[in-house]
Amino acid sequence: MLFRPHYSVPLLTTLGLLLGGAVHAQVPIAAATAGDSLTLDTTVRAVLDANPAINALQEEVNQAQSRLDETRTYLKPVVDGTASYTRIDPVVKIPLGDATFQLAPANNYDTHVTARYTVLDFGRANAAINAAKSRALTAADQINVTRRDLAYAAAQSYYSILFAREAIRVQDAQIASLRQHQREMEKRVEGGVSTNFDVTTTQVRIAQAQDRKIDLQSQLRNQEIQLARLLHRPESAATPVRGRFEYNPQSVDVAAALTRAAENRPEVKLAKDAEETAASQLRVAETSNKPTLNLVAQAGGKNGYIVPNLERFRFNTVAGAQLSIPIYDGDRNKYQRATAQSAIKGAQARTQDTQEQIRADVLQAVNNMQTSTARYDNSQVQIAQATDALTRAKARYRYGVGSNLDVLDAETQLAQSRLSRLQSIYNYTLGQYQLRRATGEQIW
């Protein structure tokens with residue numbers, strides 16, 4: 001299963017819709033609150049340590065290894081002991097003149113140890129061992145896929161929390177700016193140079209900004225609950241996340257990234273494992289109707305020997321060989337081979353599909369990063385333009401040739417530009433981790 005990141009997560013969707021407010025003061029993308037304690041690295045490691053899915057997969061690895069060890073025992077001899085007692089009544093007696101000759105005792109005792117060893121099976125045991133090895137390897141490789149997906153989910157949740165916190169700071173600054181603007185309007189109303197309409201309009205903008213802040217706080221809480229689930233902590237506990245949320249552009253060699261992805265992605269390894277398992281099952285089917293040659297040796301003691309004493313318990317040995325040749329199985333082996341060959345073709349097709357999907361993952365990650373870079377550059381231009389527009393709108397309003405709505409609209413445009421820049425940084429940051437995931441690079 002491929003874990004694919006989505007940039008249209010609820011948090012981003014909500015923030016994209018809630019860009020109607022304004023903020024004039026520059027809000028830095030800085031560290032989180034001082035009481036936090038989890039960095040990105042410690043967050044990812046804590047998620048990996050706490051998640052029971054990895055423990056469950058590890059137990060599957062242990063089970064596969066145990067089945068492999070069990071299969072290897074087919075190459076070893078089997079020794080067992082047997083003790084039996086049989087009562088025969090009546091026993092056969094033959095009269096010989098004045099004497100009577102008894103063929104068997106009434107009470108029969110037999111104890112022996114038997115050893116069996118397969119000398120030749122035409123590769124049947126080795127085929128079963130190779131199939132078990134392939135399944136054990138697949139179980140181990142699945143752990144790497146799960147750890148990678150959990151690490152990426154942890155990083156995504158981590159940066160979503162930092163993003164939501166920073167967006168709330170932007171919203172707080174917008175509310176503070178609007179309240180300051182409201183106080184200025186109230187003074188102008190008292191001086192008779194403005195009307196209550198300007199105050200009411202500003203109050204509406206403040207209420208809208210507060211409503212957006214409530215939505216942002218809800219989104220932040222949802223992200224904290226998600227991270228708490230990944231950490232397997234109570235949802236009521238505070239999420240101790242700290243770190244910096246900043247823009248660090250990097251150049252990407254697409255060809256090199258595609259090469260690394262083809263070599264390092266665990267999905268490729270799993271696909272190859274599936275091919276090997278299917279091939280091993282075909283070898284098992286091909287050897288299942290081969291002859292087998294077994295050696296048998298037995299040593300023990302029993303009574304019933306006619307000479308010299310029928311009741312005497314005597315040591316005895318038996319040795320032999322057994323050749324088993326399958327003759328007819330109702331075409332069972334034929335259908336087993338057909339099933340195994342079909343499984344090989346299916347595994348090869350899935351490998352090809354996996355390779356194509358990996359290539360698409362890399363190209364999509366690169367495209368997302370390039371798009372985010374372009375949006376960041378565009379938002380920088382928008383911020384400069386919106387800042388100039390706000391300065392001019394305030395000057396026009398101050399000299400009585402502009403309206404209060406012009407100022408509010410200019411502040412809204414500036415806030416939209418700053419939130420757009422914040423979102424482009426968030427998208428680019430996740431794009432970097434998407435690329436690392438696409439190329440098979442470890443996040444933890």
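Since the structure is predicted, the reported quantities are computational estimates derived from the model, not experimental observations.

## Observations regarding the UniProt feature "coiled-coil region" (unreviewed entry) in the chain
- Within this structure's numbering, the places UniProt gives as "coiled-coil region" (unreviewed entry) are residues 206-233.
- Note that residues 206-233 is 93% helix and 0% strand, and that its end C-alpha atoms are spaced 36 Å apart.

## Regarding the nonpolar core
- Counting 56 residues, the largest nonpolar core has Tyr159, Phe245 and Val362 as the members making the most contacts within it.
- Not counting the four nearest positions on each side in its chain, Val362 is found in contact with Ala257, Leu258, Ala261, Leu435, Ala438 and Thr439.
- In terms of nonpolar packing, the next biggest core, distinct from the first, is built from 10 residues, Met185, Val199, Leu390 and Ala410 among them.

## Quick notes on helix α5 (residues 196-231)
- Spanning 36 residues, α5 covers 52 Å between terminal C-alpha atoms, matching the ideal 52 Å at 1.5 Å per step.
- His232 sits one or two positions beyond α5 and adopts a positive phi of about 55 degrees.

## So, unusual backbone geometry
- The omega angle of the peptide bond from Asp89 to Pro90 is 0 degrees, so this bond is cis rather than trans.
- Here Pro90 lies in the loop between β1 (78-87) and β2 (93-96).
- Residue Phe122 is not a glycine yet carries a positive backbone phi of 60 degrees.
- Position of Phe122 relative to the elements: it lies in the loop between β4 (107-120) and α4 (124-190).
- Note on Phe122: relative accessible area 45%, which makes it partly exposed.
- Unlike most non-glycine residues, Asp331 shows phi in positive territory, near 65 degrees.
- By the element assignment, Asp331 lies in the loop between β6 (314-324) and α8 (332-398).
- Since its relative accessible area comes to 36%, Asp331 is described here as partly exposed.

## Details of a nonpolar patch on the surface
- Where nonpolar side chains cluster on the molecular surface, the patch consists of Val92, Ile94, Leu96, Leu103, Ile306 and Val307 and spans about 520 Å² of accessible area.
- Looking at the element boundaries, Val307 is found in the loop between β5 (292-302) and β6.

The rules we used
- Residue positions are counted from 1 within each chain, in the order its sequence is given.
- Reporting of local features is limited, given that this is a predicted model, to residues whose pLDDT is at least 70; pairs of side-chain atoms are given and counted only at 80 or more, and all residues count toward the totals for whole chains, interfaces and linings.
- The side-chain numbers reported here are obtained from all heavy atoms of the structure, hydrogens and water having been left aside.
- UniProt positions are given in the numbering used here, feature names are shortened, and annotations may be inferred rather than shown by experiment.
- Secondary structure elements follow DSSP: runs of H or I of four or more residues count as helices, runs of E of two or more count as strands, with numbering from the N terminus.
- Side-chain atoms within 4.5 Å link the members of a nonpolar core, which is a set of buried Ala, Val, Leu, Ile, Met, Phe, Trp, Tyr and Cys residues.
- The rule is simple: take the accessible area with a 1.4 Å probe, protein chains only, and divide by the maximum for that residue type; under 20% is buried, over 50% is exposed, in between is partly exposed.
- Note on definitions: a residue-residue contact is assigned when non-hydrogen atoms from the two residues lie within 4.5 Å.
- Multiply 1.5 Å by the residue count of a helix minus one, and that product is the helix's expected span.
- Like-charged residues within 9 Å of one another, or nonpolar side chains (Val, Leu, Ile, Met, Phe, Trp, Tyr) within 5 Å, are grouped into patches, provided each residue has over 30% relative accessible area and no salt bridge.
- Values of accessible area rely on a 1.4 Å probe in the Shrake-Rupley scheme; residue burial ignores everything except the protein chains shown.
- Between Lys or Arg on one side and Asp or Glu on the other, a salt bridge is scored when a side-chain nitrogen of the former is within 4 Å of a carboxyl oxygen of the latter.

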